[in-house]
Amino acid sequence: HLLWISRGFSGSGGEKHVSEGRKACGFFYLSSFVSLQTFEKLLIANRGEIACRVIAIHSDVDANAVHVKMADEAVCVGPAPTSKSYLNMDAIMEVIKKTRAQAVHPGYGFLSENKEFARRLASEGVTFIGPDTHAIQAMGDKIESKLLAKNAKVNTIPGFDGVVKVRNHLIIVCYPVMIKASAGGGGKGMRIAWDDEETREGFRFSSQEAASSFGDDRLLIEKFIDNPRHIEIQVCGDKHGNALWLNERECSIQRRNQKVVEEAPSTFLDPETRRAMGEQAVALAKAVKYSSAGTVEFLVDSSKNFYFLEMNTRLQVEHPVTECITGLDLVQEMIRVAKGYPLRHKQADIPINGWAVECRVYAEDPYKSFGLPSIGKLSQYQEPLHVPSVRVDSGIQQGSDISIYYDPMISKLITYGSNRAEALKRMEEALDNYVIRGVAHNISLLREVIIHPRFVQGDISTKFLPEIYPDGFKGHNLTDLERRELLATAASLYVPCLVSQQVEVDGMKLNVTSEWNLASPLLSVTIDGTQRTIQRLSRNASGDTSIQFLGTVYKLQILTKVAAELSKYMPEKAAEDTSSILRSPMPGAVVAVSVKPGDTVSEGQEICVIEAMKMQNSMTAAKTGKVKAVHCKAGDTVGEGDLLVELE
């Protein structure tokens, strides 16, 4: 692949698997670029997959992270808490001086949209690979950006155009409303409120999350557009007054206002709407003299009316899908622009070639609120790079730790096809072939989303998950045929020495064929001509086995006829009465405890607040009662299942 920065900084992202995936997406490069003036040293002020580049910084718990191992140089900037490491500007500036880095790419999150960081870099003569401080200030502040968007003739959402300061004196004329952190992003500091009580609670949590994540607790309130699509336009500008829109990304599949599945292009936009959104996005970029890659986000209603949501003055997590359909490397474009080169392309040069889908693979339990964080060590990890046209952007490997301190993303899994059906089929295959052991993960949810009839038809909105799963996600619902296939496969695993077997299930005979290489985490099996890729996760001497089948893990028991007859005499363990106890549903840190022994609480009353990966979660009482004991205090670190509070 093309090397376009000295000392190993490459357009492929530094990782072999990213390089191969990007080739599959059809990148084009200018061969003459190797002779152009470049930066000699570039520091990445971030962690994870986006930081797998040249000079890396890291916290003490990230000392053995992949981005640290891959870097030419790596320097520790502090302990695990982000405020003392990845948000520690003084420490990062010292690293820049020590390593004599000429430029800094901030990645996304952390300091990527911090105008003070960009200003300090400029004062030291270090290039910030992103827009200038004026654009960061203007677009990074949601209140100011909304006013600028109005002046640039960009459609905006009705709301209060100012800072909301006092939560106890809010007067809302028309519900529902969206409470948002002015300096926010990534779904943090956002709450929907449908009445006064939810507004007060939303103000409290949003301001606390905003202060924790961005160091800025200012909030704004605007009308909530119910049941919209979330569609964003990728833009890129240079320092010579040029700006382009690089088509759209559909980002409507979300949980807790955070994206889960993205794709490009959108099934919903017609050429006229796409052009109108693109032209408004470019008008906004030019209004602030924007010079880098950035994203203008819109909410789009069912009539294709679109409204400005915010502008992210950084690289987006989901940028790979745009790279796949345009052939452009956005990181390369950002560095070229930062070095002073003009954009190489005109608007007419920007294509839509094929279709790309991205799934965000998280260390999360999807059966809890569509994904509560999971921590642990990746005991086994294998990416599905043998599947054609697959790209995996990750910053972890087998043996990596997923901690409570940072975002639980494992990777971005991207598939590309000549059309949407092909890209989705490859994604389905890639998810089936993805091996992740040691932590809970959301593969089952991702697979169910991409095969759901409504998603396949393009009938989606930001409310897709709660509409499809009103009682929460339960995993794949097996058809009768799929159930027989699973049982036949499990029975065949009991005697894997046979390549071909005939298994009777519910009076029906199924032919099962497989090589049964039990040393491999992936097992390919054919049942009556249908090929399936499964994973056997565990088994014990009692016949209990866990099999990942069609993305979902099923627990089965395989017994001989005699053992099955005797099993009915085995006593079952009584289920724990959870109405009188409160256990932590996830690992995290206790932010606040609202009760003490002897207090009387009502059903639904807040008992404590747990923060995990910068998101705050209110823990409530399951019934009315008196507090018997409190087993935690503010500042404690708790694990999943830890006892927090007992009721009498």
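Above this text is the structure in question.
Being a predicted model, the structure only gives us computed values, none of them experimental.

## Brief notes about the overall build of the protein chain
Then step 1. When helices and strands are counted, the protein chain shows 16 helices and 36 strands.
Then step 2. The long-range share in the protein chain, meaning contacts at least 24 apart out of those at least 6 apart in sequence, stands at 63%.
Then step 3. A total accessible area of about 26700 Å² is found for the protein chain, and carbon and sulfur atoms account for 51% of it.

## Overview of the packing of helix α3 (residues 89-99) against helix α4 (residues 115-123)
Then step 1. Running from N to C, α3 and α4 cross one another at 30 degrees; their axes reach a closest spacing of 11 Å. On the basis of the axis angle, α3 is roughly parallel to α4. Like other packed secondary-structure pairs, α3 and α4 cross with a definite hand, here right-handed. Along the contact surface, α3 presents Met89, Asp90, Ile92, Met93 and Ile96, while α4 presents Glu116, Phe117, Arg120 and Leu121.
Then step 2. Looking at the contact of α3 with α4 residue by residue, the classes come out as six nonpolar, no polar and three charged.

## Examining the sheet that holds strand β28 (residues 552-557)
Then step 1. Taken in spatial order, the six strands make up an open sheet running β23-β24-β25-β26-β27-β28, and their pairing is antiparallel. What marks the edges here is a single partner per strand, and that holds for β23 (500-505) and β28. Strand-to-strand twist of the sheet, defined as the mean angle between neighbouring strand axes without regard to direction, takes the value 35 degrees.
Then step 2. Examined bridge by bridge, strand β24 (residues 508-513) and strand β25 (residues 523-527) share two bridges and lie antiparallel to one another. By the bridge assignment, Thr513 is partnered in β25 with Thr526.
Then step 3. Its contacts with the sheet put helix α15 (residues 480-494) on β23, β24, β25, β26 (530-539), β27 (544-549) and β28, and the angle it makes with β23 is roughly 130 degrees.

## Points about empty space enclosed by the protein
Then step 1. Using the criterion set out here, one finds six cavities of 30 Å³ or more in the structure.
Then step 2. Estimated volume of the largest cavity: approximately 110 Å³.
Then step 3. Those elements giving two or more residues to the lining of the largest cavity turn out to be β16 (372-373) and β33 (615-620).
Then step 4. When grouped by side-chain class, the residues that make up the lining of the largest cavity number seven nonpolar, two polar and five charged.

## Structural notes on the pairing of strand β8 (residues 219-223)
Successive residues of a regular strand alternate their side chains across the two faces of the sheet.
Then step 1. Of all five residues making up β8, four are buried, and the element is well covered by its neighbours.
Then step 2. Both strand β6 (residues 177-181) and β8 contribute to a ladder of five bridges, which runs antiparallel. Within β8, the position partnered with Lys180 by the bridge is Leu220.

## So, the sheet that holds strand β32 (residues 606-612)
Then step 1. Read across the sheet, four strands follow the order β33-β32-β30-β35 without closing on themselves; strand pairing throughout is antiparallel. On the outer flanks of this sheet lie β33 and β35 (637-638), each paired with one strand and no other.
Then step 2. Judged from the six bridges that link them, β32 and β33 form a sheet pairing that is antiparallel. For Val609, the partnering residue across the bridge sits in β33 and is Ser618.

## A closer look at α3
For an α-helix, 3.6 residues make a turn, and residues three or four places apart therefore share a direction.
Then step 1. Of the positions making up α3, those classed as buried are Met89, Ala91, Ile92, Met93, Val95, Ile96 and Thr99.
Then step 2. Where α3 terminates, the next one or two residues include Arg100, which has phi positive at roughly 60 degrees.

## Concerning the pattern of salt bridges
Then step 1. Evaluated as defined, the whole model comprises 38 salt bridges.
Then step 2. The salt bridge partner of Glu364 is Arg255, with a shortest N-O separation of 2.7 Å. Pair noted here: Glu364 is in strand β15 (residues 364-365) and Arg255 is in strand β10 (residues 243-255), with a separation of 109 residues, a long-range link. For the pair shown, Glu364 and Arg255 are each scored as buried.
Then step 3. Here Glu565 and Lys568 are joined by a salt bridge, their closest N and O atoms 3.7 Å apart.
Then step 4. We classify Glu565 as partly exposed; its relative accessible area is 47%.

## Some points on the side chain of Arg229
Then step 1. One can find Arg229 in strand β9 (residues 229-237).
Then step 2. Residue classification places Arg229 among the buried residues on the basis of a relative accessible area of 8%.
Then step 3. Polar contacts involving the side chain of Arg229 include one to the side chain of Glu250, which spans 2.8 Å.

## Side note on helix α12 (residues 443-451)
Then step 1. In terms of residue burial, α12 counts as a mostly covered element, since eight of its nine residues are buried.
Then step 2. For α12, the complete set of buried residues consists of Ile443, Ser444, Leu445, Leu446, Arg447, Glu448, Val449 and Ile450.

## Section: the nonpolar core
Then step 1. Core analysis: the biggest nonpolar cluster contains 38 residues, and Ile253, Val261, Ile410, Leu413, Tyr434, Ile436 and Phe455 have the highest contact counts within it.
Then step 2. Only β11 (258-264), β14 (355-362), β19 (390-394), β21 (409-417), α11 (420-432), α12 and α14 (464-468) provide two or more residues apiece to this core.
Then step 3. Here Tyr434 is in contact with Val361, Tyr381, Gln382, Glu383, Pro384, Val392, Ile410, Ser411, Leu413, Ile443, Gln535 and Gln548, once residues within four sequence places are set aside.

## Overview of the pairing of β28
Then step 1. The side-chain alternation of β28 yields one buried face, formed by Thr552, Tyr554 and Leu556, and one unburied face, formed by Val553, Lys555 and Gln557.
Then step 2. Here β27 runs beside β28; their pairing, made up of six bridges, is antiparallel. By the bridge assignment, Phe549 is partnered in β28 with Thr552.
Then step 3. Once β27 ends, the chain turns through two residues before running back antiparallel as β28, passing Leu550 with a positive phi of about 55 degrees.

Cut-offs applied
- Residues numbered from 1 in each chain as written.
- Predicted model: local features only at pLDDT ≥ 70, side-chain atom pairs only at ≥ 80, totals over all residues.
- Heavy atoms only, no water.
- Helix = DSSP H or I, 4+ residues; strand = E, 2+ residues; numbered from the N terminus.
- Contact = heavy atoms within 4.5 Å.
- Areas by Shrake-Rupley, 256 points an atom, 1.4 Å probe, with all protein chains shown as cover.
- Axes fitted to C-alpha atoms, helices over the stretch in contact; angles between N-to-C directions.
- Parallel < 35°, antiparallel > 145°, perpendicular 65-115°, else oblique.
- Left-handed = near helix turned anticlockwise from the far one by under 90°.
- Nonpolar A, V, L, I, M, F, W, Y, C, P; charged D, E, K, R; others polar.
- Pairing = 2+ DSSP bridges.
- 1 Å grid on protein atoms, 1.4 Å probe; cavity = no way out; pocket = protein on both sides within 12 Å on 5 of 7 lines; lining within 4 Å.
- Points joined across faces, edges and corners; volume = space filled by probe spheres on them.
- Buried < 20%, exposed > 50% of the residue type's maximum accessible area, 1.4 Å probe, protein only.
- Salt bridge = Lys/Arg side-chain N within 4 Å of Asp/Glu carboxyl O.
- Polar contact = N/O pair within 3.5 Å; in protein donor to acceptor, adjacent residues only side chain to side chain.
- Core = buried A, V, L, I, M, F, W, Y, C linked by side-chain atoms within 4.5 Å.

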